[in-house]
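# Residue-level structure breakdown
Given next are the chains, with one letter for each unit.
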Amino acid sequence: MSVDSGLPDFRGPQGFWRAYPPMEKLKLKFSDMSNPQWFSKDPTFAWGFWAHRISLYSKAAPHSGYLTMKKWGESKNNNYFVFTSNVDGHYSKSGYPADKLCECHGCVNFMQCNSQCTDELWPTDDFKIPEVDTETFRAIGDLPKCKHCDSVASPNVLMFGDYRFIDEREEAQEAQFNKFISSVGNKKLVIIEIGAGQGVPTIRMVGESLIDRLADTTMIRINWTAEDSIVPPGDHISIQMGGLNAINQIDQALSEL
């Protein structure tokens, strides 16, 4: 979804290095950088990476497909739910209600204490996000600090090898998601999966588990690679194209029914 809003695609080291050239020189992949160790080992380096990402996400406007899908959900008596691993906050930015959204890997719109002195989360807007030296991708100036102790604050995002992610917000969202799934009962469920890769297969696994659990479920798997758009056995639909293009074509087909 995010790529069509102009945000970088981090699939594979080449995609990551195009967005962050200094990391190529250091031979650091996305999974290396999106790791909580940097907030303890080198917080200025950690915040250079995350301040740049937060800036990208906040400046980018969600593409029109977000509102198109919201329209689809509202046309079904609001019987819809969004389960996303994106951390950019673009569903909230597009006006999706909080009780219709589960951000399973957290969101950059919230901050936590990196030392976990408290389970509190704070809006990122409460903090001054540092500038970034784009040659080195190191933060410039003071770093965000916990509101209770002197530890550095960090985004409330589940990173690779993360032992300190504060998950209360995500767990509350997941409880809402499970409540929605329980309400489906014997009704028809359509899963529209967009851009879910296999490197971190969280979204694919959730969708496929629902196919196994609920009898009348159809998956529409949208992905721009042939391998990633393969669907499970059964009456499911594979669409090999970008997310926004697929959304627009589906919307056009629906308007002609």
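Here the structure is a predicted model, which means the values were calculated and not measured. (Residues numbered from 1 in each chain as written. Predicted model: local features only at pLDDT ≥ 70, side-chain atom pairs only at ≥ 80, totals over all residues. Heavy atoms only, no water.)

What follows is about helix 5 (residues 43–59). With 17 residues, helix 5 extends 23 Å between its outermost C-alpha atoms, agreeing within 8% with the 24 Å of an ideal straight helix rising 1.5 Å per residue. Of the positions making up helix 5, those classed as buried are F45, A46, W47, G48, F49, W50, A51, H52, R53, I54 and Y57. (Helix = DSSP H or I, 4+ residues; strand = E, 2+ residues; numbered from the N terminus. Expected span 1.5 Å × (residues − 1). Buried < 20%, exposed > 50% of the residue type's maximum accessible area, 1.4 Å probe, protein only.)

Right, let's get into the nonpolar core. Counting residues in each nonpolar core, the largest one holds 34 residues, and the members touching the most others are F16, M23, M33, W47 and W50. At the level of elements, helix 1 (12–19), helix 3 (30–33), helix 4 (37–41), helix 5, strand 3 (106–113) and strand 7 (153–157) are the ones that each hand at least two residues to this core. It is helix 5 that provides the largest number of residues to this core, a total of eight residues. When sequence neighbours within four positions are dropped, the list of residues in contact with M23 reads F16, W17, L28, M33, F45 and F137. (Core = buried A, V, L, I, M, F, W, Y, C linked by side-chain atoms within 4.5 Å. Contact = heavy atoms within 4.5 Å.)

Judged by how many residues are buried, strand 3 sits mostly within the fold: six of eight residues are covered. In the sheet, strand 3 pairs with strand 7 via five bridges, with the strands oriented antiparallel. Bridge assignment links G106 to a residue of strand 7, and that residue is V157. Strand direction decides the pairing type here: strand 3 and strand 4 (residues 122–123), joined by two bridges, are antiparallel. Bridge pairing in strand 4 places F110 opposite P123. (Pairing = 2+ DSSP bridges.)

Functional significance is not addressed by these values, which are geometric in nature.
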